Amino acid sequence: MFLSEKEYGHAVAVLSGKVEKTPFFAEVEQWFKNAFRLQLYDYYCDCTNGGLPRVRLLLWDRGCAGKMKRGAEFDEKKQRRIAGEFANLCRKYDVHPDYHRPQDVFVCYDTLKDEMQKRVLRQCAGELKALEVPDIWRVEIIFDRVHIFFVTDEQEALHRRDGVCGSVKREVEEIVKQKDVFGAFEDGVQCVFTSRQTLDEKYDGKMFYYTR
């Protein structure tokens, strides 16, 4: 599930201290940390398609969200535990009246890191697309990755060997570092090296097909 601009903006404002946490959220956050040893960055109340009250908890990344699952599905025991405490605190602080009955509350999770990465890369798009490196035909930002297209497959293979790809990746990371104030790219930027030849031969020359 994608965060809306409003949801993302609120999470970043809370993270940066520009918006003060309510006593309700501060207690939910502390309880969640004690219960699961995970940081909670924000929460959003809305409804499922079936009209049930839904609380979306904002965690850092997919690894954190994975800890709230059992296999490929949500861990129902954890969901029930969270719904119970969330409802309890809603009653305590007299907030979110639709969430006072834990059996009605559906719990799910969103992640902040990937959303932050996409937005940081968009902020850097102009500089990244202006990289002046021999044989680069095009630079595209697709979600949370930077795709670098050389002209031919031969050039791509050559520059993997001669260190150009490594140099480009370092240059990309230096540009991104200036905007990455919360460390969303602390493990580096994922750069995908390919070629216009591959785009033409495998994807009919269309970026639409390449991104699917």
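Student: Just checking my understanding: could you explain the environment of I136 for this structure?
Tutor: Following the sequence through the fold, I136 ends up in strand 6 (residues 136-142). Distance from I136 to E156, taken between C-alpha atoms, is 9.1 Å for residues 20 residues apart in sequence. Residues within four places of I136 in sequence aside, it is in contact with I148, F149, F150 and V168.

Student: What am I meant to see in the packing of helix 1 (residues 5-16) against helix 5 (residues 113-123) here?
Tutor: Packed helix pairs are characterised by how far apart their axes lie and by the angle those axes make with each other. Packing of helix 1 against helix 5 brings their axes to within 12 Å, and their N-to-C directions diverge by 95°. The angle between helix 1 and helix 5 falls in the class roughly perpendicular. Facing helix 1, whose interface residues are E5, Y8, V12 and L15, helix 5 presents E115, M116, R119 and R122. Looking at side-chain class alone, the contact of helix 1 with helix 5 contains four nonpolar, no polar and four charged residues.

Student: Mind showing me how you'd approach the packing of helix 2 (residues 23-36) against helix 4 (residues 76-93) here?
Tutor: Where helix 2 meets helix 4, the closest approach of the two axes is 10 Å, and the angle between their N-to-C directions is 155°. The angle between the axes of helix 2 and helix 4 places the two elements in the roughly antiparallel class. Judged by the sense of rotation from one axis to the other, the crossing of helix 2 with helix 4 is right-handed. Note on element contacts: helix 4 touches helix 2 through K78, R81, I82, E85, F86, L89, C90, K92 and Y93, opposite P23, F24, E27, V28, W31, F32, A35 and F36.

Student: Could you clarify how one ought to interpret the packing of aromatic side chains in this entry?
Tutor: The relative placement of two aromatic rings is captured by the distance of their centres and the angle of their planes. Counted according to the given criterion, the structure contains 16 aromatic pairs. With a centroid separation of 5.9 Å and an interplanar angle of 70°, the aromatic rings of F86 and Y99 are classed as edge-to-face. Taken together, the residues span a long stretch of sequence, with F86 in helix 4 and Y99 in the loop between helix 4 and strand 5 (106-111) at a distance of 13 residues. For the pair F86 and Y99, one class covers both residues: buried. Here W137 and F149 contribute two aromatic rings whose centre-to-centre distance is 5.9 Å and whose plane-to-plane angle is 85°, an arrangement assigned as edge-to-face. Separated by 12 residues along the polypeptide, W137 in strand 6 and F149 in strand 7 (residues 145-150) bring together distant segments of the chain. By relative accessible area, which is 30% here, W137 ends up partly exposed.

Analysis parameters
Residues numbered from 1 in each chain as written. Predicted model: local features only at pLDDT ≥ 70, side-chain atom pairs only at ≥ 80, totals over all residues. Heavy atoms only, no water. Helix = DSSP H or I, 4+ residues; strand = E, 2+ residues; numbered from the N terminus. Contact = heavy atoms within 4.5 Å. Axes fitted to C-alpha atoms, helices over the stretch in contact; angles between N-to-C directions. Parallel < 35°, antiparallel > 145°, perpendicular 65-115°, else oblique. Nonpolar A, V, L, I, M, F, W, Y, C, P; charged D, E, K, R; others polar. Left-handed = near helix turned anticlockwise from the far one by under 90°. Phe/Tyr/Trp six-rings, centres within 6.5 Å; stacked < 30°, edge-to-face > 60°. Buried < 20%, exposed > 50% of the residue type's maximum accessible area, 1.4 Å probe, protein only.

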